[in-house]
Amino acid sequence: LFTVTVSLDGHFLKNEVPELTLMHNSPDPKPDLSITLFNSNSNRVTPAGENKSPQKGILYLKKLEATDSGTWVCHVHSDSPLINQNISFAVKVLGFQNPDMERKYVAVDSTVILSWHLNFQKIKWNKGFTGQLNWKQQESAKAHELLDFNVTALRKQYETKKTSHFLFEIPERKPESAIQVKLPKVHFNHSGHYQCQLAYRGRRVQSNIELVVMKVSANPAGPLSRGAKMTLICQVSAPLPPNAHLSWERVNGTQMDIKNSKQHEVKLEVNISAAGLWSCHLIEGNDRKISLHYHVEEAPVWINYVVTGASVGGSVLVFALVCLCIISGINWQRRRQRAKRMAQARQYLLENKTCQCQQ
């Protein structure tokens, strides 16, 4: 008689390591058993370790993935006595269909929906569990709870919004077994780490989406006058991976109009003197993840005349002020010299009159 027992009642979270115990009551002499394990995809599984005794064998398996849920088979073989026995058992791995870490690029002022797809309906998980969604702008910053949820043993899902300071919505219509938040108008400071976490009997598993926001601007904002220059600025909210960079280019422009950022730069500036449509691209590997456009308008002709006139007028005014200052300085110097001569004359006359009175 063979008995197979799976640790934790066969209910696991992703990345947990199950133990498989095989017991038998074979009489002496004990058969030399060979145990082969197959997962739910009928692929052979090599145990990470094992511990055998005359009546019992324990297999330590590797970390589980959410896709490992299903019916596993333990094949027991012995040549003497002849034994060929398949023993099936169920494994359920609760987790996300998302990757553990995902990066999402969005443009400022756009609308974005962040989604986490749970597998509890798919694997018919018949235990209750809870979860929550947290956000923090940086990895080391304090986490803010956005919502929490719970799922009953009947697989009914309930969600509760936990904050009113963060502008987000819970979509009414969403895929089954999904946790979603909607940002109707993305701000630059909405960037950061959104962590969805499942909890079951004190154990936890989570999936993280990093939201990177990109914006473009100009200094001055425009329009661009003839002969003037403008600085276009493209910025992202977080450092990019080593294989990603920013790139400015003028639509229908030349190779000279392209400027790329250096590794890990979060801001790229380009000085331009040509109007037209300019695009900033966020490129990861060979893939353009997101593009933002900035239309540089050329100033009307009359504005150019006004600017030219203002420049000429300003130059004339400065020249006139300089001349006036020079003339005023000369006149002031002359008045000072005249006053000095008159003072000397008065002193001279006073000295002569004093002498005459003494005589």
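The structure presented is a predicted model; accordingly, all values stated were derived computationally and were not measured. (Residues numbered from 1 in each chain as written. Predicted model: local features only at pLDDT ≥ 70, side-chain atom pairs only at ≥ 80, totals over all residues. Heavy atoms only, no water.)

Caption draft 1: Just the domain arrangement of the chain, in detail. Domain assignment breaks the chain into domain 1 (2–94), domain 2 (101–213) and domain 3 (220–296). Using only C-alpha atoms to locate each centre, domain 1 and domain 2 end up separated by 35 Å. At the interface, 12 residues of domain 1 touch 13 residues of domain 2. When domain 1 packs against domain 2, close to 1,100 Å² is buried across both sides, 65% of that on carbon and sulfur atoms. Sorting the residues of domain 1 by area buried against domain 2 places His11, Leu13 and Leu94 first, and these three jointly supply 58% of that buried surface. On the surface where domain 1 and domain 2 come into contact, there are 2 salt bridges. A salt bridge links Asp9 to Lys127; the shortest N-O distance between them is 3.9 Å. (Domains from an automatic or database assignment. Contact = heavy atoms within 4.5 Å. Buried area = accessible area lost by both parts, 1.4 Å probe. Salt bridge = Lys/Arg side-chain N within 4 Å of Asp/Glu carboxyl O.)

Caption draft 2: Structural detail: the state of the cysteines. This structure, assessed with the given rule, holds 1 disulfide. Covalent S-S linkage joins Cys234 and Cys280, the inter-sulfur distance amounting to 2.0 Å. Residues Cys234 and Cys280 are joined by a disulfide whose S-S torsion is about -80 degrees; by sign, that bridge is left-handed. Pair noted here: Cys234 is in strand E18 (residues 230–236) and Cys280 is in strand E22 (residues 276–284), with a separation of 46 residues, a long-range link. (Disulfide = S-S within 2.5 Å. Helix = DSSP H or I, 4+ residues; strand = E, 2+ residues; numbered from the N terminus.)

Caption draft 3: Looking closely at the sheet that holds strand E23 (residues 287–296). Taking strand neighbours across the sheet as the criterion, the 4 strands line up as E20-E19-E22-E23 in an open arrangement whose pairing is antiparallel. Every other strand in the sheet has two partners, leaving strand E20 (259–260) and E23 as the edge strands with one partner each. As paired strands, E22 and E23 are joined by 9 bridges and run antiparallel to one another. Within E23, the residue paired with Trp278 across the bridge is Tyr294. (Pairing = 2+ DSSP bridges.)

Caption draft 4: Here's a closer look at the side chain of Gln195. You can see Gln195 is positioned in strand E16 (residues 192–200). In contact with Gln195, not counting residues within four places along its chain, are Gln132, Leu133, Asn134, Lys136, Glu139, Gln206, Ser207 and Asn208.

Caption draft 5: Spatial organisation of the UniProt feature "domain: Ig-like" (unreviewed entry) in the chain. The UniProt record annotates "domain: Ig-like" (unreviewed entry) at residues 209–291. Note that residues 209–291 is 0% helix and 57% strand, and that its end C-alpha atoms are spaced 20 Å apart. (UniProt positions renumbered as here; feature names shortened; annotations may be inferred.)

Caption draft 6: Layout of the side chain of His190. By secondary structure assignment, the location of His190 is in the loop between strand E15 (178–183) and E16. Residues in contact with His190, not counting those within four places in the same chain, are Trp135, Phe166, Leu167, Leu183, Lys185 and Leu211.

Caption draft 7: Representation of the nonpolar core within the structure. With 32 residues, the main nonpolar core has Leu114, Trp116, Phe129, Phe149, Leu183, Tyr194 and Leu198 as its most contacted residues. Those elements that provide at least two residues to this core are strand E11 (112–117), strand E12 (129–136), strand E13 (144–151), E15, E16 and strand E17 (203–219). Apart from residues lying up to four places away in sequence, Phe129 is in contact with Leu94, Phe120, Phe149, Asn150, Val151, Leu198, Ala199 and Tyr200. In this structure, Leu240, Leu268, Val270 and Tyr294 belong to the second largest nonpolar core, which totals 27 residues. (Core = buried A, V, L, I, M, F, W, Y, C linked by side-chain atoms within 4.5 Å. Buried < 20%, exposed > 50% of the residue type's maximum accessible area, 1.4 Å probe, protein only.)

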